[in-house]
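The primary structure of each chain is shown beneath.
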Amino acid sequence: MNNPSPEKNKRRIIFNVIYILFTIALLAGIGLLDDSLGNIFPVLQSLLLPFLLAALLFAISQWVLDGWISKYIIGFMGIKLSWWQAIKLSIIGHYYNALTPFDSGGQPMQIIYMHREGVPAGKSTATFSMRCISFQISLALMFAVSLVCAGAQYFQDQPGMLAFPIIGLAANALLTIAVLIAVSDHFRVRPAACMVLAWV
């Protein structure tokens, strides 16, 4: 990992603080100009402190666990991240996911941050690709388990909805398999997998 000079690091901190303050001010301005958000203040006043502290604790726990996953995966590539770097990487991802449509900006900014810290773009991209595949597989497995355990009751309450989760599960499985094949060494089937990903 690269160690930037104190002067360069100071400039980065100042820029990041200005950028975050500008973003907060912009979002606050948009919110204040929207009349439909006028009811948010009474709702905030009714929130209980224990629940707010619990929410904060869960958010911090998510940052730590998310950072640990990145630290663990990239460790297999011979690159060591400190705990602070891993947690900061997680916070960057969540922050830019919240700012961009469809949570699309988190991983690109994480790759940029890791590149700035001296991690090659190929290794950081591979890290997040493995995380994405693991997440999709876990999501599909949890859905399958929930479908077996409580699917009958759900579809009894919501008749006609069975086709949608089945289609979603099939699409998720297809894309996950295509990604796995595209990054594998099976050259005979790789072009077909790449065509599927390009079409999507």
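Residues numbered from 1 in each chain as written. Predicted model: local features only at pLDDT ≥ 70, side-chain atom pairs only at ≥ 80, totals over all residues. Heavy atoms only, no water.

(A) Looking closely at the overall build of the protein chain. Per the secondary structure count, the protein chain includes eight helices and zero strands. When the helices and strands of the protein chain are listed from N to C terminus, the series reads α-α-α-α-α-α-α-α. In the protein chain, 51% of the contacts between residues at least 6 apart in sequence involve partners at least 24 apart. Carbon and sulfur atoms form 73% of the exposed surface of the protein chain, whose accessible area is close to 14,500 Å². (Helix = DSSP H or I, 4+ residues; strand = E, 2+ residues; numbered from the N terminus. Contact = heavy atoms within 4.5 Å. Areas by Shrake-Rupley, 256 points an atom, 1.4 Å probe, with all protein chains shown as cover.)

(B) View of the nonpolar core. In this structure, Ile74, Ile79, Leu81, Leu89, Ile92, Tyr96, Tyr113, Met114, Val119 and Phe128 together form the largest nonpolar core, which totals 10 residues. When contributions to this core are tallied by element, the ones reaching two or more residues are helix H4 (83–99) and helix H5 (106–116). Examining the composition of this core, we find that three residues originate from one element, H4, more than from any other. (Core = buried A, V, L, I, M, F, W, Y, C linked by side-chain atoms within 4.5 Å. Buried < 20%, exposed > 50% of the residue type's maximum accessible area, 1.4 Å probe, protein only.)

(C) Geometry of the packing of helix H3 (residues 49–75) against H4. Two numbers describe how H3 lies on H4: the axes approach to 8 Å, and their chain directions differ by 115 degrees. The orientation of H3 with respect to H4, classified from their angle, is roughly perpendicular. Read as a crossing pair, H3 and H4 show a hand that is right-handed. Touching Gln62, Trp63, Val64, Asp66, Gly67, Trp68, Ser70 and Lys71 of H3 are Trp83, Ala86, Ile87, Leu89, Ser90, Ile91 and His94, all from H4. (Axes fitted to C-alpha atoms, helices over the stretch in contact; angles between N-to-C directions. Parallel < 35°, antiparallel > 145°, perpendicular 65-115°, else oblique. Left-handed = near helix turned anticlockwise from the far one by under 90°.)

(D) Quick peek at the pattern of salt bridges. As enumerated under the stated definition, the model contains one salt bridge in all. Salt-bridge contacts for Arg131 lead to Asp66; the nearest nitrogen and oxygen are separated by 2.2 Å. A residue pair is termed long-range when its members are at least 10 positions apart, and Arg131 in helix H6 (residues 121–157) and Asp66 in helix H3 qualify at 65 residues. The exposure class assigned to Asp66 is buried, which follows from its relative accessible area of 14%. (Salt bridge = Lys/Arg side-chain N within 4 Å of Asp/Glu carboxyl O.)

(E) Region of interest: the packing of H4 against H5. The N-to-C vectors of H4 and H5 enclose an angle of 145 degrees; their axes lie 7 Å apart at closest approach. Crossing angle aside, the handedness with which H4 passes H5 is right-handed. Contact residues: Gln85, Lys88, Leu89, Ser90, Ile92, Gly93, Tyr96 and Asn97 in H4; Gly106, Met109, Gln110, Tyr113 and Met114 in H5.

(F) Highlighting H3. Counted at 1.5 Å a residue, the expected span for H3 with its 27 residues is 39 Å, and the 39 Å between its end C-alpha atoms agrees. Among the residues of H3, Asp66, Gly67, Ser70, Ile73 and Ile74 are the ones counted as buried. Buried positions along H3 lie against H4, H5 and H6. (Expected span 1.5 Å × (residues − 1).)

(G) A look at the packing of aromatic side chains. Taken as a whole and judged by the stated rule, the model has three aromatic pairs. For the pair Trp68 and Tyr72, a centre-to-centre distance of 5.4 Å together with 25 degrees between the ring planes defines the contact as stacked. Note that Trp68 and Tyr72 are positioned in helix H3 at a spacing of four residues, about one turn of the helix. Taken together, a centroid distance of 5.1 Å and an interplanar angle of 85 degrees make the contact between Tyr95 and Tyr96 edge-to-face. Using a relative accessible area of 16% as the deciding quantity, one classes Tyr96 as buried. Three or more aromatic residues joined by ring pairs form one cluster here, namely Trp68, Tyr72 and Phe76. The cationic tip of Lys71 hangs over the ring face of Trp83; the distance from NZ or CZ to the ring centre is 5.7 Å. (Phe/Tyr/Trp six-rings, centres within 6.5 Å; stacked < 30°, edge-to-face > 60°. Lys NZ or Arg CZ within 6 Å of the ring centre and 35° of its normal.)

(H) Representation of the side chain of Thr127. Looking at the element boundaries, Thr127 is found in helix H6. By relative accessible area, which is 1% here, Thr127 ends up buried. Setting aside its immediate chain neighbours within four residues, Thr127 contacts Ser70, Ile73, Ile74 and Met77.

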